[in-house]
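Each chain, letter by letter, is given below.
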Amino acid sequence: CHEASYLSFMNEWTSGIDKEAALTAEALKRGEAALATARRAGRAVPGAEALLKEARDALALLKNAKGVHNPAAAESLLDVARRKTAEALAQEALR
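These numbers come from a predicted model, not from an experiment.

Rules and cut-offs
- Residues numbered from 1 in each chain as written.
- Predicted model: local features only at pLDDT ≥ 70, side-chain atom pairs only at ≥ 80, totals over all residues.
- Heavy atoms only, no water.
- Helix = DSSP H or I, 4+ residues; strand = E, 2+ residues; numbered from the N terminus.
- Expected span 1.5 Å × (residues − 1).
- Buried < 20%, exposed > 50% of the residue type's maximum accessible area, 1.4 Å probe, protein only.
- Arc of directions from axis to C-beta.
- Axes fitted to C-alpha atoms, helices over the stretch in contact; angles between N-to-C directions.
- Parallel < 35°, antiparallel > 145°, perpendicular 65-115°, else oblique.
- Left-handed = near helix turned anticlockwise from the far one by under 90°.
- Contact = heavy atoms within 4.5 Å.
- Nonpolar A, V, L, I, M, F, W, Y, C, P; charged D, E, K, R; others polar.

1. A few points about helix α3 (residues 71-90)
No. 1: Along its 20 residues, α3 runs 28 Å from first to last C-alpha, staying within 8% of the 28 Å computed at 1.5 Å per residue.
No. 2: Those residues of α3 not exposed but buried are Ala74, Leu78, Ala81, Lys84, Thr85 and Ala88. Each buried residue of α3 sits inside an arc of 135 degrees when the element is viewed along its axis, so together they form one side.

2. Focus on the packing of helix α2 (residues 46-65) against α3
No. 1: Contact pair α2 / α3: the axes reach a minimum separation of 8 Å and the direction vectors enclose 160 degrees. Between α2 and α3, the angle falls in the class roughly antiparallel. Here the hand of the crossing between α2 and α3 comes out left-handed. Residues Ala48, Leu51, Leu52, Glu54, Ala55, Ala58, Leu59, Leu61 and Leu62 of α2 lie in contact with α3, whose contacting residues are Ala74, Leu77, Leu78, Val80, Ala81, Lys84, Thr85, Glu87 and Ala88.
No. 2: Split by residue class, the contact of α2 with α3 holds 14 nonpolar, one polar and three charged.

3. Some thoughts on α2
Spacing of three or four residues puts side chains on the same side of an α-helix, whose turn is 3.6 residues.
No. 1: Between its terminal C-alpha atoms α2 stretches 28 Å, which fits the 28 Å expected from 20 residues at 1.5 Å a residue.
No. 2: Directly beyond the C-terminal end of α2, a positive phi value near 65 degrees is found at lysine 66.

Below you can see the structure in the form of structure tokens.
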């Protein structure tokens, strides 16, 4: 949809977003593993569950929409996913 001159610029955008999305997905997996451990231990963690769901939803939206045409929105979705995951992991019940 763009001229060839945009190709390197687009690759730079998408590779950065893809890298950050992969790092965020890894953090989310750690959060989900901590949540599973807490559940097995009988600890109720509804706040962490909700935060991880929001992070998962933001990351899924980013992956489905791609970041090529709206890098600002992609960065915002990554920020939400990272922040919600960090908040969940910071909860006492998941430590």
